[in-house]
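# Topology and contacts: notes
Each chain is listed here by its residues.
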Amino acid sequence: MVKAELYTWSNCPYCQRAKVLLEMRNIPYTEHNLDNNDEKKAELYQQTGQMTVPFVFINGRFIGGFSDLKELDDAGKLDTIDQ
């Protein structure tokens, strides 16, 4: 089963789109809000090299942000990643 983990900001439209896409595909996710958590943001940047939210992990693997998530979905690969 595919599981997602999202690191988001409250007022981020791309974060909202990522959640909607996962919900439409019935993919369970855990959301971690990064509002007022500069330490975790810095840690994620160091880990991934990405400076924008959302940080999207699928089955423990960093895949990028919303655009990367959408690209996987458009290619029909979201449901089969790391299986």
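Presented here is an overview of the structure given in this document. (Residues numbered from 1 in each chain as written. Predicted model: local features only at pLDDT ≥ 70, side-chain atom pairs only at ≥ 80, totals over all residues. Heavy atoms only, no water.)

### Comments concerning the pairing of strand S1 (residues 4–8)
- Of all five residues making up S1, four are buried, and the element is well covered by its neighbours.
- Across five bridges, S1 lies against strand S2 (residues 29–33) in parallel orientation. By the bridge assignment, glutamate 5 is partnered in S2 with threonine 30.
- Of the crossover connections in this fold, the one passing from S1 over helix H1 (residues 13–24) to the parallel S2 is right-handed.
- As defined by bridge partners, S1 adjoins strand S3 (residues 55–58) across four bridges and the pair is classed as antiparallel. For glutamate 5, the partnering residue across the bridge sits in S3 and is phenylalanine 57. (Buried < 20%, exposed > 50% of the residue type's maximum accessible area, 1.4 Å probe, protein only. Helix = DSSP H or I, 4+ residues; strand = E, 2+ residues; numbered from the N terminus. Pairing = 2+ DSSP bridges. Right-handed = clockwise from strand over helix to strand, strands pointing away.)

### Section: the sheet that holds S3
- Spatial ordering of the open sheet is given by S2-S1-S3-S4, a layout of four strands whose pairing is mixed. In the strand order of this sheet, the two ends are held by S2 and strand S4 (61–64), each with one partner. Sheet twist, expressed as the average angle between the axes of neighbouring strands with direction ignored, equals 25°.
- Helix H2 (residues 38–48) rests against S1, S3 and S4 of the sheet, and its axis sits at about 60° to S3.
- The sheet contacts of helix H3 (residues 66–74) involve S3 and S4, and relative to S4 the element is tilted by about 95°. (Axes fitted to C-alpha atoms, helices over the stretch in contact; angles between N-to-C directions. Contact = heavy atoms within 4.5 Å.)

### A word on the pattern of salt bridges
- By the definition in use, this model includes five salt bridges.
- The closest approach of N and O atoms between glutamate 43 and lysine 40, which form a salt bridge, is 2.9 Å. Of this pair, glutamate 43 and lysine 40 both sit in helix H2, three residues apart, which is roughly one turn of that helix.
- Note on glutamate 43: relative accessible area 41%, which makes it partly exposed. (Salt bridge = Lys/Arg side-chain N within 4 Å of Asp/Glu carboxyl O.)

### Some details on the nonpolar core
- Membership of the largest hydrophobic core comes to 15 residues, with the highest contact counts inside it found for Ile58, Ile63, Leu69 and Leu78.
- Within the residue set of this core, elements represented by two or more residues are S1, H1, S3 and H3.
- Membership of the second largest hydrophobic core comes to eight residues, among which are Tyr7, Leu34, Leu44 and Val53. (Core = buried A, V, L, I, M, F, W, Y, C linked by side-chain atoms within 4.5 Å.)

### Re H1
- Its 12 residues place the ends of H1 16 Å apart at the C-alpha level, agreeing with the 16 Å of an ideal helix rising 1.5 Å per residue.
- Among the residues of H1, Cys15, Ala18, Lys19, Leu21 and Leu22 are the ones counted as buried. Taken around the axis of H1, the buried residues stretch over an arc of 160°, which confines them to a single face.
- In this fold, the buried residues of H1 make contact with S1, S2 and H3.
- One or two positions beyond H1, positive phi appears at asparagine 26, with a value near 55°. (Expected span 1.5 Å × (residues − 1). Arc of directions from axis to C-beta.)

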